[in-house]
Amino acid sequence: MRWRDLRRSDNVRDERGEGGGGMRAGFPISLGRGGGLAAIAVLIVVYFIGGPDAVETLLSGAGGGGGDGSGVDAPRVHPRLPLTPDDESSSFVAAILGSTEDVWGQVFSLSGRHYVDPELTLFDGAVESACGYATAAVGPFYCSADHRIYLDTSFFADLARLGGPGEFAEAYVIGHEVGHHVQNLLGTAEQVRAAQARAQDSGGNRLQVALELQADCFAGVWAHHANVRQQVLEKGDVEQGLAAAQAIGDDRLQRNAGRRVTPDSFTHGSSSQRAHWLNVGLQTGNPQACDTFR
């Protein structure tokens, strides 16, 4: 992927090495670098034993709410920490985030809207967010309470081991989380949460899956326009991205954990669904084509 000429975002904060810790009351599991896959396996087992509530309790410990920031009075103030100049991973993240800012800023402007850039925090092991305490085991996430993406870059190594290696695969992950920010700005995320509150359990899951698949599609929309603007994609990059989407499909993760595939428990969509919607965004570049709720 040709990313080195992309503009670097000023909205990346590097909190790695700050001692966020990999252990907390309620989550007595060490989650240092390289331990993400084992922790993910633990979470999947807990999910099937106790359901989503058990996972949320495990991750949040004594504080914080879910990813929508529930139970949090005010966003946390984050220090403006500089990126390490010789750290290629932070430079890559800043380049991809900068590209998403440029693309979504233009897309919003063409529709008469104003795009507000998200911020992104790099962490290792664990982090406190306005949505509560989280470990690397949850993977990258977006917190709507502070409009911030949280990323432990060791996830990229886990993603590669799961079958999604490569720089565009990593860029897709960032693009997906930015997609959640776009949903937040458009009001889609709030509408889904309201609908989930009225829905039965299975209906709520289907809405959650649709929200995640739309974020996949929005990642594709970003990549489409980034490639038109600066020819960032090289031969094989699209295949890398689609492989990454398939690698983190709910059905494949359940099989990898030795569990029976149960679609009613999906939260992000199947491998084929995730690859399909990423490709829709890549091929069309049109956010309107990302209607995963139909």
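Right above here is the structure, for reference.
Residues numbered from 1 in each chain as written. Predicted model: local features only at pLDDT ≥ 70, side-chain atom pairs only at ≥ 80, totals over all residues. Heavy atoms only, no water.

Undergrad: Give a description of helix α5 (residues 188-198) that names residues and reports values.
TA: Within the sequence span of α5, burial applies to Thr188, Ala189 and Val192. With its buried residues spanning 95 degrees around the axis, α5 presents them on a single face. Those residues of α5 that are exposed and angled more than 90 degrees off the buried face are Glu190, Gln191, Ala197 and Arg198. (Buried < 20%, exposed > 50% of the residue type's maximum accessible area, 1.4 Å probe, protein only. Helix = DSSP H or I, 4+ residues; strand = E, 2+ residues; numbered from the N terminus. Arc of directions from axis to C-beta.)

Undergrad: Which residues make up the packing of aromatic side chains, and what values go with them?
TA: This model, assessed by the stated rule, comprises 5 aromatic pairs. Arranged with centres 5.3 Å apart and planes meeting at 90 degrees, the rings of tryptophan 3 and phenylalanine 92 form a pair that is edge-to-face. Placement of the pair is tryptophan 3 in the segment before β1 (12-14) and phenylalanine 92 in helix α2 (residues 88-110), with a sequence separation of 89 residues. No difference in accessibility class separates tryptophan 3 from phenylalanine 92, as the two residues are buried. Between tryptophan 104 and phenylalanine 108, the aromatic rings sit 6.3 Å apart at their centres with planes inclined by 85 degrees, giving edge-to-face as the arrangement. Within this pair, tryptophan 104 and its partner phenylalanine 108 are both found in helix α2, separated by 4 residues, close to a single helical turn. Note on accessibility: tryptophan 104 and phenylalanine 108 belong to one class, buried. Through pairs of rings, three or more aromatic residues link up here, namely Trp104, Phe108, Tyr115 and Phe218. (Phe/Tyr/Trp six-rings, centres within 6.5 Å; stacked < 30°, edge-to-face > 60°.)

Undergrad: Lay out helix α7 (residues 237-247) in plain terms, naming residues and giving numbers.
TA: Those residues of α7 that fall on the buried side of the exposure criterion are Asp237, Gly241, Ala244, Ala245 and Ala247. Buried residues of α7 fall within an arc of 165 degrees about the axis and therefore sit on the same side. As for α7, its buried residues are in contact with α3 (154-162), α4 (167-186), α8 (250-256) and α9 (271-284). (Contact = heavy atoms within 4.5 Å.)

Undergrad: So what's going on with the pattern of salt bridges? Which residues, and what values?
TA: On inspection of all chains with the given rule, the structure shows 12 salt bridges. Note that glutamate 119 is salt-bridged to arginine 13, the shortest N-O span being 3.9 Å. Taken as a pair, glutamate 119 in strand β2 (residues 119-122) and arginine 13 in strand β1 lie far apart in primary sequence, 106 residues in all. Arginine 274 serves as the salt-bridge partner of aspartate 216, at 2.8 Å between the closest nitrogen and oxygen. Here arginine 274 lies in helix α9 and aspartate 216 lies in helix α6 (residues 201-230), a separation of 58 residues in the sequence. Both residues of the pair, aspartate 216 and arginine 274, count as buried. (Salt bridge = Lys/Arg side-chain N within 4 Å of Asp/Glu carboxyl O.)

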